[in-house]
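What follows is each chain in one-letter form.
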Amino acid sequence: MSQSNALRAAFVSVAIFAVFVTAWHLATMGTGTVAQMDPEYAKLMGATATQGKSAMPGPLEVGAKIWEHLKNPFYDRGSNDKGLGIQLGWSIARVTIGYLLAVLVAIPVGFLIGMSPLMSRALDPFIQVMKPISPLAWMPLALYTIKDSSLSSIFVIFICSLWPMMINTAFGVAAVRKEWLNVARTLEVGTLRRAFTSILPAAAPTILTGMRISIGIAWLVIVAAEMLVGGTGIGYFVWNEWNNLSITNVITAILVIGVVGMLLDQVLARLTRLVTFPE
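Nothing here was measured: the structure is a model prediction, and the numbers come from that model.

## With respect to the nonpolar core
For soluble globular proteins, nonpolar side chains are generally found buried alongside one another.
Part 1 of the reasoning: Membership of the largest hydrophobic core comes to 47 residues, with the highest contact counts inside it found for Met211, Trp219 and Ile234.
Part 2 of the reasoning: Broken down by secondary-structure element, the contributors of at least two residues to this core are helix H5 (84-115), helix H8 (149-174), helix H10 (191-229), helix H11 (234-243) and helix H12 (247-275).
Part 3 of the reasoning: Sequence-distant contacts of Ile234, that is, excluding residues within four places in its chain, are made with Leu84, Gln87, Leu88, Ser91, Trp219, Val223, Glu226, Ala253 and Ile257.

Laid out in structure tokens, this is it:
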């Protein structure tokens with residue numbers, strides 16, 4: 001039954017995609033209206049006015065551009081002309097470093113908050129103040145103090161990844177059944193061993209849910225951060241192609257961002273399912 005539902009869901013997804021691509025193709029077909037104008041002025045107006053074409057690229061044009069990038073993703077022709085693979089690699093590297101730094105801080109502090117009501121009350125005001133601050137609001141301060149655009153981007157990823165992981169870890173640890181903890185105390189299991197053998201396995205699904213939320217936010221923020229700081233990365237690629245008025249490349253980058261974000265989410269979702277156990 002589960003396999004049948006999966007097949008039906010896949011069929012519906014393919015059908016929705018086909019309808020979307022068809023509608024996109026029809027919406028970007030030529031208007032059929034060609035204006036007569038001075039050749040010099042026609043160069044400024046572009047294909048929309050002179051050839052009756054839509055200014056928005058269609059799915060065939062975007063597909064051709066994606067194939068072009070896939071054939072040569074790592075070319076480097078200067079600071080403003082790098083392959084999509086290079087730009088994507090920079091973004092993934094920054095997200096990975098900032099995210100792992102957040103893991104190293106958020107999970108231990110979350111354990112401390114979840115296991116200690118005193119620390120939970122003491123740290124809660126700070127978390128509630130820091131949590132709503134937009135990650136990009138930290139960028140000017142990071143650029144001023146760190147004085148390096150790439151490291152500033154990593155710092156922003158660290159900040160935005162910290163809070164969902166910390167809060168979910170604290171919640172998961174605090175929600176562990178008291179009966180399990182009482183059994184561990186009865187067996188005279190030490191605090192550190194109890195944290196690893198009793199609390200961590202029980203709280204792991206909640207912790208990984210927080211990590212899954214954090215990776216989505218981190219990937220969302222890196223694009224905006226790279227638009228601000230420039231240089232390299234998929235966000236800078238989008239901004240640079242917009243400045244070059246290459247809408248086809250902008251759409252291509254948007255699709256790549258979405259696919260990579262989905263893959264990152266699926267990795268964490270898979271790990272969450274592996275550590276989830278029936279009670």
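## A few points about unusual backbone geometry
Part 1 of the reasoning: Of note, Lys147 is a non-glycine position whose phi angle comes to about 60°, a positive value.
Part 2 of the reasoning: Here Lys147 shows up in the loop between helix H7 (139-146) and H8.
Part 3 of the reasoning: Among the residues examined, Lys147 registers a relative accessible area of 64% and is labelled exposed.
Part 4 of the reasoning: A positive phi is found at Leu245, a non-glycine position, where the angle reads about 60°.
Part 5 of the reasoning: Looking at the element boundaries, Leu245 is found in the loop between H11 and H12.

## So, the side chain of Glu226
Part 1 of the reasoning: The residue Glu226 is located in helix H10 in this model.
Part 2 of the reasoning: Side chain to side chain, Glu226 and Ser91 meet in a polar contact 2.8 Å long.
Part 3 of the reasoning: Apart from residues lying up to four places away in sequence, Glu226 is in contact with Trp90, Ser91, Arg94, Thr232, Gly233, Ile234, Gly235 and Tyr236.

## Quick word on the environment of Gly114
Part 1 of the reasoning: Inspection of the secondary structure assignment puts Gly114 in helix H5.
Part 2 of the reasoning: Linking Gly114 and Asn168, residues 54 residues apart in sequence, is a C-alpha distance of 9.5 Å.
Part 3 of the reasoning: Other than its neighbours up to four places away in sequence, Gly114 contacts Ala170, Val173 and Ala174.

## Some points on the environment of Leu255
Part 1 of the reasoning: Tracing the chain through its elements places Leu255 in helix H12.
Part 2 of the reasoning: In this structure Leu255 comes out as partly exposed when scored by relative accessible area, which is 40%.
Part 3 of the reasoning: With 189 residues separating them in the primary sequence, Leu255 and Ile66 have C-alpha atoms 9.4 Å apart.

## Observations concerning the pattern of salt bridges
Part 1 of the reasoning: This model, assessed by the stated rule, comprises 4 salt bridges.
Part 2 of the reasoning: One salt bridge in this structure joins Lys65 and Glu68, with 3.5 Å as the shortest N-O distance. Note that Lys65 and Glu68 are positioned in helix H4 (residues 59-71) at a spacing of 3 residues, about one turn of the helix.
Part 3 of the reasoning: What makes Glu68 partly exposed here is its relative accessible area of 45%.

## Some points on the packing of H5 against H11
When two helices pack together, their arrangement is given by the angle between their axes and by how far apart the axes lie.
Part 1 of the reasoning: Put simply, H5 and H11 touch, their axes get as near as 7 Å, and they point 135° apart. Classified by the angle their axes make, H5 and H11 are oblique. Contact residues: Leu84, Gln87, Leu88 and Ser91 in H5; Ile234, Gly235, Tyr236 and Phe237 in H11.

What counts, and at which threshold
- Note that residues are indexed from 1 along each chain, following the sequence as it is written.
- Totals for whole chains, interfaces and linings use every residue, but because this is a predicted model, local features are given only for residues with pLDDT of at least 70 and side-chain atom pairs only at 80 or more, for both listing and counting.
- Side-chain measures were taken over the full set of non-hydrogen atoms in the model, leaving aside hydrogen atoms and water.
- Take the buried residues of types Ala, Val, Leu, Ile, Met, Phe, Trp, Tyr and Cys, join any two whose side-chain atoms come within 4.5 Å, and each joined set is a nonpolar core.
- For the exposure calls, accessible area comes from a 1.4 Å probe over protein chains only, and a residue counts as buried if that area is under 20% of its type's maximum, exposed if over 50%, partly exposed in between.
- The helix and strand labels rest on DSSP assignments: H or I over at least four residues marks a helix, E over at least two residues marks a strand, and numbering proceeds from the N terminus.
- Any two residues whose heavy atoms approach within 4.5 Å are treated as being in contact.
- Polar contacts here mean pairs of N or O atoms no more than 3.5 Å apart (in protein, one a potential hydrogen donor and the other a potential acceptor; neighbouring residues in sequence count only if both atoms are side-chain atoms).
- Salt bridges are defined as contacts in which a side-chain nitrogen from Lys or Arg sits within 4 Å of a carboxyl oxygen from Asp or Glu.
- In this analysis, axes come from line fits to C-alpha atoms, helices being fitted only over the stretch in contact, and the angle between any two N-to-C directions falls in the range 0 to 180 degrees.
- Oblique is the label for every angle not falling under 35 degrees (roughly parallel), over 145 degrees (roughly antiparallel), or within 65 to 115 degrees (roughly perpendicular).

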